[in-house]
Amino acid sequence: MIKDNISDVNTRIDKACERSGRDRSRATLIAVSKTKPVDMLKEAYDTGIRDFGENKVQEIMDKYDKLPKDIRWHMIGHLQTNKVKYIADKIYMIHSVDSYKLASEISKYALKAGRVIPVLIEVNVADEESKFGVTFDNAESLIRQIAPLEGIKVTGLMAIAPYTTNPEENREYFARLRQLSVDITSKNIDNISMSVLSMGMTGDYEVAIEEGSTYVRVGTGIFGERNYSV
Ligand SMILES: *Cc1c(COP(=O)(O)O)cnc(C)c1O
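Everything numeric here is computed off the predicted structure, so don't read it as measured data.

K.L.:
Quick question: what am I supposed to make of the side chain of E54 here?
P.N.:
Of note, E54 is situated in strand 2 (residues 51-54). In this structure the side chain of E54 is engaged in a polar contact, spanning 2.7 Å, whose partner is the side chain of S33. Apart from the residues within four sequence positions on either side, E54 is in contact with S33, K34, L41, E59, I60, K63, W73, H74, M75, I76 and G77.

Rendered as structure tokens:
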């Protein structure tokens, strides 16, 4: 079942790339495996998935130990500054940076781990109170603040669009995020790259691809509904 879901999602990504004239190799599927057991991740791994998204530090640590080491773990959820130290040597990329304080903590532990951690700036595209992220207006100044930090490299932007049953409603948010990345690129800020756009989830990833997403984060569409009550 997971195998079929992944193949279906990949076909939809292929088609969205074709529709929008995009190079398929520039769009990567992240399998969002939060709350799901390792045997399900293993099934996805066996079909070729190497990018997994998680939002809890403890869960990343547990799964990291139990699964192959060529997996790229993406931290996609809100990260508390006091937990950065546990994942600095395990995480491939952190998608959810929205404060200087968090960025400087990542910098500190990346240096300890002897590496540079790529991060994305999370933008609260619809100004939703329930969501983390900086506003469109504050993104550039945060990026300028973070740029001089060692051990961390801003490589793009991330957004969680509003929940909707009509993905077309989110098209404008994706387009605006892409425009912001173009604007920031044009400023040529040292140590900043805008090559990554992490946007699109189960309900809207095809529209996100059409608007330029390079990482779609799909959970339910691959692993089925999550059950938080267990
Ligand atoms: C859970 C989650 C996803 C996946 O959501 P689905 O609707 O299940 O595809 C994507 N991005 C983030 C940040 C998440 O927390």
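Alright, that's what it looks like, and here's the rest.
K.L.:
In this structure, what is going on with the environment of R19? I would like to understand it.
P.N.:
Position of R19 among the secondary structure elements: in helix 1 (residues 2-19). Taking C-alpha positions, R19 is 9.7 Å from I209, a pair spaced 190 residues apart along the chain. Sequence-distant contacts of R19, defined by excluding residues within four places in its chain, comprise E206 and E210. A polar atom in the side chain of R19 sits 2.7 Å from the side chain of E210.

K.L.:
Can you walk me through the site of the ligand in this structure?
P.N.:
As a structural note, the neighbourhood of the ligand is formed by V32, K34, I76, M158, I160, M201, T202, R217, V218, G219, T220 and R226. T202 places a polar side-chain atom, nitrogen or oxygen, 2.4 Å from an oxygen atom of the ligand. Interatomic distance of 2.8 Å between a side-chain N/O atom of R226 and an oxygen atom of the ligand. Taken together, the residues that form the shell around the ligand break down as six nonpolar, three polar and three charged.

K.L.:
Explain helix 3 (residues 57-66) to me, please; I cannot follow it from the model alone.
P.N.:
An α-helix turns once every 3.6 residues. As a result, residues three or four positions apart point the same way. For helix 3, the set of buried residues is V57, E59, I60 and K63. The arc enclosing the buried residues of helix 3, seen along the axis, measures out at 155°, which places them on a common side. Set apart from the buried face of helix 3 by more than 90 degrees, the exposed residues are Q58, D65 and K66.

K.L.:
Would you mind going over the pairing of strand 7 (residues 192-198) with me for this structure?
P.N.:
Two faces make up the sheet, and in a regular strand the side chains alternate between them. For strand 7, a buried count of five out of seven residues is recorded, marking the element as mostly surrounded by other parts of the structure. In this sheet, strand 7 lies alongside strand 6 (residues 152-159) in parallel orientation, the contact comprising four bridges. Paired with G156 across the bridge in strand 7 is V196. Handedness of the crossover joining strand 6 and strand 7 through helix 7 (residues 171-185) is recorded here as right-handed.

K.L.:
It is not clear to me how the packing of helix 6 (residues 136-146) against helix 7 should be interpreted in this structure. Could you clarify?
P.N.:
Packed helices, taken two at a time, are described by the angle between their axes plus the distance between the axes. Following both chains from N to C, one finds helix 6 and helix 7 inclined at 35°, their axes separated by 11 Å at the closest point. The two elements helix 6 and helix 7 cross, and the hand of that crossing is right-handed. Contacts from F136, A139 and I143 of helix 6 reach helix 7 at R176, L177, L180 and I184. Of the residues in the contact of helix 6 with helix 7, the class split is six nonpolar, no polar and one charged.

K.L.:
Is there a simple way to think about the environment of R72 in this case?
P.N.:
Within the element layout of this structure, R72 appears in strand 3 (residues 72-75). The class of R72 is partly exposed, set by a relative accessible area of 32%. Excluding residues that lie within four positions of it along the chain, R72 makes contacts with R50, D51, F52 and Y92.

K.L.:
Quick question: what am I supposed to make of the packing of aromatic side chains here?
P.N.:
The description of an aromatic ring pair rests on the distance of the ring centres and on the angle between the ring planes. If you walk through the whole model with that rule in mind, you get one aromatic pair. Residues F52 and W73 carry aromatic rings whose centres are separated by 5.8 Å and whose planes lie at 35° to one another, so their mutual orientation is tilted. Here the residue F52 occupies a position in strand 2, and W73 occupies one in strand 3, the gap between them amounting to 21 residues. In terms of burial, F52 and W73 fall into one category: buried. Taking NZ or CZ as reference, R50 lies 3.5 Å from the ring centre of Y45, over its face. One cation-aromatic arrangement involves R72 over Y92; the distance from NZ or CZ to the ring centre is 6.0 Å.

Rules of the game
- Residues numbered from 1 in each chain as written.
- Predicted model: local features only at pLDDT ≥ 70, side-chain atom pairs only at ≥ 80, totals over all residues.
- Heavy atoms only, no water.
- Helix = DSSP H or I, 4+ residues; strand = E, 2+ residues; numbered from the N terminus.
- Polar contact = N/O pair within 3.5 Å; in protein donor to acceptor, adjacent residues only side chain to side chain.
- Contact = heavy atoms within 4.5 Å.
- Near = heavy atom within 4 Å.
- Nonpolar A, V, L, I, M, F, W, Y, C, P; charged D, E, K, R; others polar.
- Buried < 20%, exposed > 50% of the residue type's maximum accessible area, 1.4 Å probe, protein only.
- Arc of directions from axis to C-beta.
- Pairing = 2+ DSSP bridges.
- Right-handed = clockwise from strand over helix to strand, strands pointing away.
- Axes fitted to C-alpha atoms, helices over the stretch in contact; angles between N-to-C directions.
- Left-handed = near helix turned anticlockwise from the far one by under 90°.
- Phe/Tyr/Trp six-rings, centres within 6.5 Å; stacked < 30°, edge-to-face > 60°.
- Lys NZ or Arg CZ within 6 Å of the ring centre and 35° of its normal.

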